[in-house]
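Residue-level structure breakdown
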Amino acid sequence: MELRKKAVFREIVTLKEPVKADGQAESLPAETGSRIGSTLKAYKQKDGLPGNCPVRDVLDRIGDKWSTLLVLTLAERPHRFGELRRAVFDISQRMLTQTLRELQRDGLITRKVHPTTPPSVEYALTALGRSLLDPLSHLIRWADVHHAAIRAARSEFERETA
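Residues numbered from 1 in each chain as written. Predicted model: local features only at pLDDT ≥ 70, side-chain atom pairs only at ≥ 80, totals over all residues. Heavy atoms only, no water.

1. Details of the overall build of the chain
Along the chain, the regular secondary structure elements total 8 helices and 3 strands. For the chain, the sequential pattern of α-helices and β-strands runs α-α-α-α-β-α-α-β-β-α-α. The contacts of the chain with a sequence gap of at least 6 include a subset with a gap of at least 24, amounting to 54%. (Helix = DSSP H or I, 4+ residues; strand = E, 2+ residues; numbered from the N terminus. Contact = heavy atoms within 4.5 Å.)

Put into structure tokens, the structure is as follows:
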């Protein structure tokens, strides 16, 4: 099951990360970070309410692990509830139901009930949900490229704070 998930994620990640001549990943220009910070600051200064910031609002939805895993699973094809439960095996039924409902509310997935006995429910990505796959592919690629460095930093932190 785990190998299948990795294969699906690798299929989604088709773009190449920019690489310097020395083989190291290229970092974003400093002005990019400054521009992102300025955008967030502008929303904060409008009314000071974090709920009105589109970045926070969207990240609240896609920033949790269940939403991301479900979107990536649905990228392959539409799935029934039980299939999603098996594909994301460590999610509880309650959390799966809640996350699917929130993704549907945000317009990222559709829920289709088939008139069978018992009723069959199928979930699929909407066009809006599919538009999320490209940014997610960049995040997946970044995580894959930098995972070893992050684990090393965690180990170093644990040694220093122990």
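And the narrative resumes.
2. Let's talk about the side chain of histidine 79
Relative to the helices and strands, histidine 79 resides in strand 1 (residues 79–80). Of the residues examined, histidine 79 reaches a relative accessible area of 3% and is grouped as buried. Within the structure, histidine 79 has its side chain in polar contact with the backbone oxygen of arginine 77 (distance 2.7 Å). Residue contacts for histidine 79: discarding those within four places in its chain leaves Thr73, Leu74, Leu84, Val121, Glu122 and Tyr123. (Buried < 20%, exposed > 50% of the residue type's maximum accessible area, 1.4 Å probe, protein only. Polar contact = N/O pair within 3.5 Å; in protein donor to acceptor, adjacent residues only side chain to side chain.)

3. Topic: helix 4 (residues 65–76)
Taking 1.5 Å per residue as the helical rise, helix 4 with its 12 residues ought to reach 16 Å, and the 18 Å between its terminal C-alpha atoms agrees with that figure. Taken residue by residue, helix 4 has Trp66, Ser67, Thr68, Leu70, Val71, Leu72, Thr73, Leu74 and Ala75 as its buried positions. The residue sitting at the N-terminus of helix 4 and contributing the capping side-chain oxygen is aspartate 64; that oxygen lies 3.1 Å from the backbone nitrogen of tryptophan 66. (Expected span 1.5 Å × (residues − 1).)

4. With respect to the pairing of strand 3 (residues 120–125)
Burial analysis of strand 3 places 5 of its 6 residues in the buried class, which makes it a mostly covered element. As paired elements, strand 1 and strand 3 share 2 bridges and run antiparallel to each other. Along strand 3, the bridge assignment pairs arginine 80 with glutamate 122. Two elements, strand 2 (residues 109–114) and strand 3, share 6 bridges in a ladder whose sense is antiparallel. Bridge pairing links isoleucine 109 to leucine 125 in strand 3. Between the end of strand 2 and the start of strand 3, which pair antiparallel, lie 5 residues. (Pairing = 2+ DSSP bridges.)

5. Examining the confidence of the model for the chain
Taken as a whole, the chain shows an average pLDDT of 81; of its residues, 69% reach a score of 70 or greater. Scored below 50 in pLDDT, residues 12–23 shows 25 contacts in the model against residues more than four places distant or in partner chains. (pLDDT = per-residue confidence, 0-100.)

6. With respect to the environment of arginine 80
Within the fold, arginine 80 resides in strand 1. Put simply, arginine 80 and valine 121 are 41 residues apart on the chain and 5.7 Å apart in space, counted from C-alpha to C-alpha. Aside from chain neighbours lying at most four places away, what touches arginine 80 is Ser120, Val121 and Glu122.

7. Side note on the nonpolar core
Counting 22 residues, the largest nonpolar core has Leu70, Val71, Leu84, Leu100, Ile109, Tyr123 and Leu125 as its most contacted members. Discounting residues that sit within four places of it in the chain, leucine 70 has contacts with Leu84, Val88, Leu96, Thr99, Leu100 and Leu103. (Core = buried A, V, L, I, M, F, W, Y, C linked by side-chain atoms within 4.5 Å.)

8. Details of the packing of helix 4 against helix 8 (residues 133–161)
At their nearest, the axes of helix 4 and helix 8 sit 11 Å apart, and the two run at 115 degrees to each other. With respect to helix 8, the element helix 4 is oriented roughly perpendicular. Here helix 4 runs over helix 8; the crossing is left-handed. Between helix 4 and helix 8, the contacting residues are Thr68, Val71, Leu72 and Ala75 on the first element and Leu133, Leu136 and Ile140 on the second. (Axes fitted to C-alpha atoms, helices over the stretch in contact; angles between N-to-C directions. Parallel < 35°, antiparallel > 145°, perpendicular 65-115°, else oblique. Left-handed = near helix turned anticlockwise from the far one by under 90°.)

9. Re the sheet that holds strand 2
Within a sheet, adjacent strands bond to each other through the backbone by hydrogen bonds, running parallel or antiparallel. Overall, antiparallel pairing links the 3 strands, which are arranged 1-3-2 in an open sheet. Among the strands making up the open sheet, the edge pair consists of strand 1 and strand 2. Helix 4 contacts strand 1, strand 2 and strand 3 of the sheet and is inclined by roughly 95 degrees relative to strand 3.

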